[in-house]
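If you want the building blocks of each chain, they are given just below.
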Amino acid sequence: MSPTTGPDLLPDTYTIPGPPRGGSGSRGSGARASGSPGPAPREAGFRPDIEGLRAVAVLAVLAFHASVPGLAGGFVGVDVFLVVSGYLITGLLVREAVTTGRIRLGEFFSRRARRLLPSAAVVLGAVALAGAWLTVPLRRADLEHDVLAAALSVANWRFISEQTDYLAAGRDPSPLLHFWSLAVEEQFYLFWAPLVALIVFLAARAVRRGRAVRTTAAVVAGALTLASFALSLHWTRGSVSLAYLGTPSRVWQFGVGALLALLPWHRLRGPRPLRLLTGWAGLLAIGWCVLAYDAGTPYPGYAALVPTVATAAIILAGTPDRRAGRGAAGAPGLGVDRLLGLRAPRAIGRLSYNLYLWHWPVLVLAEARLGTLGWPAKVALSAAAALPAAAVLRWIEQPLRRSRTVSELPRRGLSLGLTAVIVPVVLALVVGTGTLRLLGPAGPVDLLGLPPGSPDGTSLLVRTAAAPKSGPVVPAAAQARKDFPPDGECEVAPSAVTSPACLFGDTTSPDRIVLLGDSHAGQWFSPVLAIAAQRHWALEELVKQGCPLPELDVVNPQLGRTYWECDSWRTAALERLRNGPKPKLIVVSALNRYTDDRRVLLEGWERTLAPLRALDVPIVYIQDTPIPGTDVPACVSGHTEDPAACEFPRGRAQWPDPLAEEIAAGRVPGVRSVELNSVLCPGAGRGCPAVLERILLYRDDAHLTNVAAVVLTPRLDRLLTEAGLVPATGAPNGTGTGTGGADGWTPVLRDDFDGPAGSRPSADRWQYDLGTCYPGCPAPQWGTGEIETMTDSTANVRLDGRGALEIVPTLENGRWSSGRIESRRSDFAPPPGGVLRIEASIALPDVTGPAAAGYWPAFWTLGGELRNGYTGWPAIGELDVMEQVNGRDSVFGTMHCGTLEGGPCQEPKGLGSGDQPCGADCRTGFHRYAVEVDLTPGAEQVRWYLDGREHHRVTADRMDRATWDKAVNHGLFLILNVAVGGNLPAALGATPGPATEPGHPMRVDYVAVSTRGGSRP
């Protein structure tokens, strides 16, 4: 999220192309070898004024990049270079066509390869290696990708993809960002040179071949120029980065230069003082652009016409008049070409390409190492960049250009260019591969393995979760960059004016929460979805990137102009809410930095909140989270052992929140406010952490990671529940699901296992299974091969005195004992056409590896008719809500039905979920496991949940109607037990042995049963 105007896509991050690909000050054959045409269509004379013009352009850009005060428009140097390049290269191609009757494309590209690529390869190689020393690992990985793109001449498209990607906010500029313009040039000439060659071929038999070639090429260039300029205007209105960096939107500037070379300007008659005035006016216009343009100038667009036409005027003014062997103005010493042709400008012009290549990496890498620098230091560094630039010019570029061995055959120059591409590519691959290994995993985070969040606000995580004091952060730095809310395309891009139909959770429910705002509202998607899902509500998301929810006039940095799409989207979103079904709750949030004018902000909020209040729906405002202002994942990647080094100033991160203050004062009726900043930035110190309790909090410079948002879910749930905005779910601290009554659920059973330590669970609710089989022993060893004896001893089944049940396997004299309890009631069933939900909060035995061999904790149900003789399995149905074996970091759920072998439930295996990831915290903290039997007409299914997230489903169409009804359409009883050994642990690779440790309990915080819908007696 960026403020009203942001730096990411504005011209201060752009650099200029290298000098035109011809001429170094040599004449005759030297100029020819370098690819420098003469200025006049019939002359190959060297143009010293153009060499000096390069100096003007490169100095403007260097001053701009050095942030010299008053020179904020120096980025127009790019336009100067593109026009000059189009003029020189087109002149070279046409002159060859006129004099030889053909264009040797091999020779053309060979000259460009040996002129440009070796110098670029040196810079790319130096940056690839320097990046390994000067940049942090995550930034280094990005840099090596930049090296690959720059070496392959597609840098502009890489930067377009990044800079138009709103979710890539907060990253530092690339040391190779300036290579975008080289890519633009190469892409253009890969198209333009063959096109001119084709024109030459078609005009080969024309009577006046030279005129035919010029005329046809001019018509084609004119058409391309007009089309490209129209596209540039269109893209400037819709995507500033695409307009600025895209090849199609820059073709028109090459085209202006090409038309200068193709049309007979030298034959124009007119007062020579007028041409002299034209040249000076062009130079003054470029200077005016440098002084008058700034980051707020819509660019390129119409504004680019001024430096483009001004450059054309300077070139035209210096074009020799064929009638006079002197300069265009005919008055030596008075024309702008005289000034530009002086020794100093020409010397800088000769160096300009290499100076351009070196200065930007020097500036960016220096700031990466030293921090933000002032403009005097940047000026000094830019001047220092002339040293490596001059060295490369003298000892690499010029020797290779003048080498007869290399220039003798085109294939040698092409081979040299190919080598100059391969070397930096190999370096980037080597450095990048090592960096990726160092960074560790970059895939999605396993949310099911996250430690539980604390609901009380005193910490981020539950204190009893026993998280290790040290270890890798979650998510890893590389993962954090991509740790976005899983809402797909529902966080709409800047160009969109409406949101799609984005409904999540229980989409069949008549009740829903609406999440409304910008990306700072979108970062709460996962917690709000979990809160909705726990109550079997739906979630509707109406979120737009960079769009303030208060009605404010802002400039969008991606679009580079007034963000009218935001106004249209806001109006459409409010209209959708006005005309749609009434929601249960509206959650709003937004960046708090679109304006620092308190009055304007509050007035903007009121214009938005007024129509929301008219809906007569509870509204809650989630206060904006801290803004680090720096690339947090990159910093953490460089401080893995000490992430505290990445903390950021509290005062800079947390701005005053006028809306929250007004709500607290009771001056905003109908709106409640909640905050989580006291958790994200605890205490009263000067800094806010980037990593808290091993959770990496931010994915960029402004947004929470999805992981951080997920672990904040219990806290947000509790705040909303205590504010009366959502009904309580009936679980401790608001972390349970579906037993409230106010949300449509009717509680049937709940046991929180309160009681003295060492006491038995309630005899009114629970009964014991004893021995090694059911009464009558229809299936010895409980039918599963397990080896323990079940007892009613408090050594095996007991309350812990802190609100939890413990089931403990024990070993005495070589004999295993454990506990297995069943609910007294066996009539837990969904009402006709309704839903039954069975849930428990469980911490699994805290044992793993060989010590856990044979452990088999489970929470499950059986059909109530089994109580009558314990026969009829599996047809009577079994629902395994949660099972785990051998201490593995995974759990699973299963449905059994049908026949003993095979059948629709594939017995004895059953229809299982497969392993569901559940990390070490599932052994040290409580997680919620639930199953729902849904007999709603048209949606008959059984669903399994872990912490409110559905992970498995079996629908009625998987089997015949009789099998389905016999399996689920009746009463059930509940079972909690910890088995030892048996067929399943053995099948998964472990049996109890000498290393198996007794005494590790399964702890149960609560068990709850509830029903919803249908008809109740």
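Located above this text is the structure these notes cover.
Let us look at the structure shown here.

Cut-offs used in this document
- Residues numbered from 1 in each chain as written.
- Predicted model: local features only at pLDDT ≥ 70, side-chain atom pairs only at ≥ 80, totals over all residues.
- Heavy atoms only, no water.
- 1 Å grid on protein atoms, 1.4 Å probe; cavity = no way out; pocket = protein on both sides within 12 Å on 5 of 7 lines; lining within 4 Å.
- Points joined across faces, edges and corners; volume = space filled by probe spheres on them.
- Helix = DSSP H or I, 4+ residues; strand = E, 2+ residues; numbered from the N terminus.
- Buried < 20%, exposed > 50% of the residue type's maximum accessible area, 1.4 Å probe, protein only.
- Contact = heavy atoms within 4.5 Å.
- Disulfide = S-S within 2.5 Å.
- Core = buried A, V, L, I, M, F, W, Y, C linked by side-chain atoms within 4.5 Å.
- Pairing = 2+ DSSP bridges.
- Nonpolar A, V, L, I, M, F, W, Y, C, P; charged D, E, K, R; others polar.

In total, this model carries 12 cavities of 30 Å³ or more according to the counting rule given. What the largest cavity holds in volume is close to 150 Å³. Looking at the largest cavity, it is lined by 16 residues, and the ones nearest its centre are Leu 117, Ala 120, Ala 150, Ser 153 and Leu 182. Secondary-structure elements contributing two or more residues to the lining of the largest cavity are helix H4 (105–134), helix H5 (137–151), helix H7 (179–202) and helix H18 (410–439).

Here we take up helix H29 (residues 713–722). Most of H29 is tucked away, with 8 of its 10 residues classed as buried. Burial in H29 covers these residues: Thr 713, Pro 714, Arg 715, Leu 716, Asp 717, Leu 719, Leu 720 and Thr 721. Contact partners of the buried residues in H29: helix H21 (525–534), strand E7 (585–589), strand E8 (619–622), strand E10 (671–674), helix H27 (677–680) and helix H28 (706–711).

Okay, the state of the cysteines next. Here a disulfide denotes a covalent bond joining the sulfur atom of one cysteine to the sulfur atom of another. Per the counting criterion, the structure on display carries 7 disulfides. One disulfide in the model links Cys 547 with Cys 566; its S-S distance is 1.9 Å. On the sign convention where negative means left-handed, the S-S torsion of about 80° between Cys 547 and Cys 566 marks this disulfide as right-handed. Residue Cys 547 is located in the loop between strand E4 (538–544) and strand E5 (555–556), and its partner Cys 566 is located in helix H22 (residues 564–579); the two are separated by 19 residues in the primary sequence. For the pair Cys 547 and Cys 566, a shared accessibility class is recorded, and that class is buried. Paired by a disulfide, Cys 635 and Cys 646 hold their sulfur atoms 2.1 Å apart. On the sign convention where negative is left-handed, the bridge of Cys 635 and Cys 646, at about -95° about the S-S bond, is left-handed. Taken together, the residues span a long stretch of sequence, with Cys 635 in helix H24 (residues 632–637) and Cys 646 in the loop between H24 and strand E9 (648–649) at a distance of 11 residues.

A word on the nonpolar core. Of all hydrophobic cores here, the largest spans 102 residues; its most connected members are Leu 93, Leu 176, Phe 179, Trp 192, Tyr 299 and Leu 357. Top contributing element to this core by residue count: helix H3 (residues 77–100), with 13 residues. Beyond its immediate sequence surroundings of up to four residues, Leu 93 is in contact with Ile 103, Phe 108, Trp 192, Ala 193 and Val 196. Counting 54 residues, the second-largest nonpolar core is a separate cluster that includes Ala 480, Ala 532, Leu 704 and Leu 716.

Burial analysis of strand E28 (residues 927–934) places 8 of its 8 residues in the buried class, which makes it a mostly covered element. The alternating pattern of E28 places His 927, Tyr 929, Val 931 and Val 933 on one face and Arg 928, Ala 930, Glu 932 and Asp 934 on the opposite face, and all of these are buried. The sheet contact formed by E28 and strand E29 (residues 941–946) spans 6 bridges and is antiparallel. Bridged to Glu 932 within E29 is Arg 943. Hairpin geometry of E28 and E29 is characterised by an intervening segment of 6 residues between the two adjacent antiparallel strands and by a positive phi of about 85° at Gly 938.

Let's shift gears to the layout of surface pockets. The volume enclosed by the second largest pocket comes to roughly 1,100 Å³. For the second largest pocket, the lining is made up of 41 residues, of which Gly 783, Thr 784, Trp 873, Glu 878 and His 896 are closest to its centre. Among the secondary structure elements, those contributing two or more residues to the lining of the second largest pocket are strand E23 (855–863), strand E24 (878–883), strand E25 (890–896), strand E26 (911–912) and helix H32 (983–987). Here the lining of the second largest pocket is built from residues that sort into 18 nonpolar, 14 polar and 9 charged.

Treat this as a map of the structure, not an account of what it does.
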